[in-house]
Amino acid sequence: MTDKPPLTLLIAAPRGFCAGVDRAIRIVELALERYGAPVYVRHEIVHNKFVVEELKAQGAVFVRELDEVPDGVPVVFSAHGVPKIVPARAEERGLNYLDATCPLVSKVHRQAERLIEQGRHILFIGHEGHPEVVGTFGQVPEGRMTLIETAEDAEAIEPADPTQLAFLTQTTLSVDDTAEIVAILRRRFPLIQVPRSEDICYATSNRQAAVKAIAGRCDAMLVIGASNSSNSLRLVEVAERAGARAMLVARGHDVDFRWLGGVRTLGITAGASAPEVLVREVVERLAERFEVSEEPVEGVEENMVFKLPRALVA
Ligand code: SF4
């Protein structure tokens, strides 16, 4: 017999690493194997301190800007994508650079270029300052793209030529908030060009749907992820809107047992940049105070795999 209170865990599926994050980490690891340490990485390769620290231990050096990279060492660009000027500068300096931009982000970059070639002005739905947004704005000439963060922005924007508009979105947004913003833009600008396919990526959509599927049965939900991880923050919002109290935790020692008072069924999920080892760490931490039992949760299967750069696999 145990005197620990029972706690049922519903662990969302799918959760955690997406194909883009997996590929970006693999690129740094393969670069370390091929070229030896140090390998420089511009920005956090993915938004997760645990991942960054593990790569640092293997010899990766994280910097904010290219100027901090010495000549003659390889440099990797993060999964979020970079403005065009960054690879251009790397080439000017003759640096060996590897681009770990997620192919789904690169797809948005190419769309942005095509729209500008067609003479359109782009309304970009996203969050100011996020590296993906900085990278996408850096694909087009200044002044040709306007950031739309909220439904209010969509209502307020007064473009110079409403007949020559298009919109694109960040890949890691809230599916529901974005649908609201898009509906406003389409109502206000009936001629706006709509992307051929969804820009919010499969991993973001699937993780949000997985949270919605279990939130109604949970008293509370823990989202494992970093505070600068857009898709993790969106998972907290999705859980709260679905009626579950939700908290973001970076890893096991962040679990606040007072916050869990009275909780009998706890949902757990992880953002696309949080490794499964952190999910198990959180479960172990919970098991220190609770008699935990995991209830199986079914979810869509993900088979997405992205090719690695030829330079690393040839
Ligand atoms: Fe790519 Fe989506 Fe993962 Fe971002 S969250 S790295 S866009 S698969």
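Preceding this paragraph is the structure being described.
So, here is what we can say about the structure in this document. (Residues numbered from 1 in each chain as written. Predicted model: local features only at pLDDT ≥ 70, side-chain atom pairs only at ≥ 80, totals over all residues. Heavy atoms only, no water.)

**Details of the overall build of the protein**
On a plain count of helices and strands, the protein comes out with eleven helices and twelve strands. Going through the 314 residues of the protein one by one, you find that 51% of them count as buried. For the protein, long-range pairs separated by at least 24 residues make up 75% of all intrachain contacts whose partners lie at least 6 apart in sequence. Of the charged side chains in the protein, 35 are positive and 45 negative, and the gap between their average positions amounts to 3 Å. (Helix = DSSP H or I, 4+ residues; strand = E, 2+ residues; numbered from the N terminus. Buried < 20%, exposed > 50% of the residue type's maximum accessible area, 1.4 Å probe, protein only. Contact = heavy atoms within 4.5 Å. Lys, Arg positive; Asp, Glu negative; His and termini not counted. Charge placed at Lys NZ, Arg CZ, Asp CG, Glu CD.)

**Thoughts on the packing of helix 8 (residues 202–215) against helix 9 (residues 230–241)**
Where helix 8 contacts helix 9, the two axes come as close as 9 Å, and the packing angle between them is 25°. Considering the angle they form, helix 8 stands roughly parallel to helix 9. Handedness of the helix 8/helix 9 crossing: right-handed. Facing Thr 204, Arg 207, Gln 208, Val 211, Lys 212 and Ala 215 of helix 8, the residues of helix 9 in contact are Asn 231, Arg 234, Leu 235, Val 238 and Ala 239. (Axes fitted to C-alpha atoms, helices over the stretch in contact; angles between N-to-C directions. Parallel < 35°, antiparallel > 145°, perpendicular 65-115°, else oblique. Left-handed = near helix turned anticlockwise from the far one by under 90°.)

**So, the sheet that holds strand 8 (residues 165–169)**
Working definition: the strands of a sheet are paired by backbone hydrogen bonds and lie parallel or antiparallel to each other. With parallel pairing, the three strands of this open sheet are ordered in space as 7-6-8. Single-partner strands in this sheet number two, and they are strand 7 (145–148) and strand 8. Taking the axes of each pair of neighbouring strands and ignoring which way they run, one obtains an average angle of 25° across the sheet. The pairing of strand 6 (residues 121–125) with strand 7 spans four bridges and is parallel. Paired with Leu 123 across the strands is Thr 146, a residue of strand 7. Contacting strand 6, strand 7 and strand 8, helix 4 (residues 103–117) crosses the sheet at an angle of about 170° to strand 8. (Pairing = 2+ DSSP bridges.)

**Regarding the nonpolar core**
In this structure, Val 28, Val 41, Ile 45, Val 46, Leu 55, Phe 62 and Val 76 are the most contacted members of the largest nonpolar core, which totals 32 residues. Put simply, the parts of the chain that give this core at least two residues each are helix 1 (19–35), strand 2 (39–42), helix 2 (49–58), strand 3 (60–63), helix 4 and helix 8. Sort the elements by how many residues they give to this core and helix 1 lands first, with nine residues. Taken domain by domain, this core gets at least three of its residues from each of domain 1 (6–17 + 202–296) and domain 2 (19–102). Once residues within four sequence positions are removed from consideration, Val 76 is found in contact with Ile 27, Val 28, Val 39, Tyr 40, Val 41, Arg 42, Ile 45, Leu 98 and Ala 100. Membership of the second largest hydrophobic core comes to 23 residues, among which are Ile 11, Val 249, Val 263 and Ala 270. (Core = buried A, V, L, I, M, F, W, Y, C linked by side-chain atoms within 4.5 Å. Domains from an automatic or database assignment.)

**Thoughts on helix 7 (residues 175–188)**
Taking 1.5 Å per residue, 14 residues should reach 20 Å; helix 7 reaches 20 Å between its end C-alpha atoms and fits that length. Check the buried side of helix 7 and you find it contacts strand 6, strand 7, helix 6 (151–156) and strand 8. (Expected span 1.5 Å × (residues − 1).)

**Remarks on unusual backbone geometry**
A cis amide bond links Ala 13 to the next residue, Pro 14, at an omega of -5°. Position of Pro 14 among the secondary structure elements: in the loop between strand 1 (6–11) and helix 1. Each neighbour pair has its own omega, and for Ala 37 with Pro 38 the value is 0°, a cis peptide bond. Within the secondary structure, Pro 38 sits in the loop between helix 1 and strand 2.

**Here's the deal with empty space enclosed by the protein**
Tallying each qualifying case throughout the model produces one cavity of 30 Å³ or more. Looking at the largest cavity, its volume works out to about 290 Å³. The wall of the largest cavity is formed by 26 residues, among which Cys 18, Val 21, His 80, Thr 172 and Asn 231 lie closest to the centre. Elements with a contribution of two residues or more to the lining of the largest cavity: helix 1, helix 4, helix 8 and helix 9. (1 Å grid on protein atoms, 1.4 Å probe; cavity = no way out; pocket = protein on both sides within 12 Å on 5 of 7 lines; lining within 4 Å. Points joined across faces, edges and corners; volume = space filled by probe spheres on them.)

**Thoughts on the site of the ligand**
Around the ligand, the neighbouring residues are Cys 18, Gly 20, Val 21, Cys 102, Leu 104, Thr 171, Thr 172, Cys 201 and Tyr 202. Its residues assigned to classes, the shell around the ligand comprises six nonpolar, three polar and no charged. (Near = heavy atom within 4 Å. Nonpolar A, V, L, I, M, F, W, Y, C, P; charged D, E, K, R; others polar.)

**Re helix 2**
Count 3.6 residues to each turn of an α-helix, and residues three or four apart come out pointing the same way. For helix 2, every residue scored as buried is listed here: Phe 50, Val 51, Val 52 and Leu 55. Those residues of helix 2 hidden inside the fold are in contact with helix 1, strand 3 and helix 10 (276–289). A side-chain oxygen of the first residue of helix 2 lies 3.0 Å from the backbone nitrogen of Phe 50; this N-cap is Asn 48. Two residues or fewer past helix 2, Gly 59 is found with a positive phi of approximately 120°. (Polar contact = N/O pair within 3.5 Å; in protein donor to acceptor, adjacent residues only side chain to side chain.)

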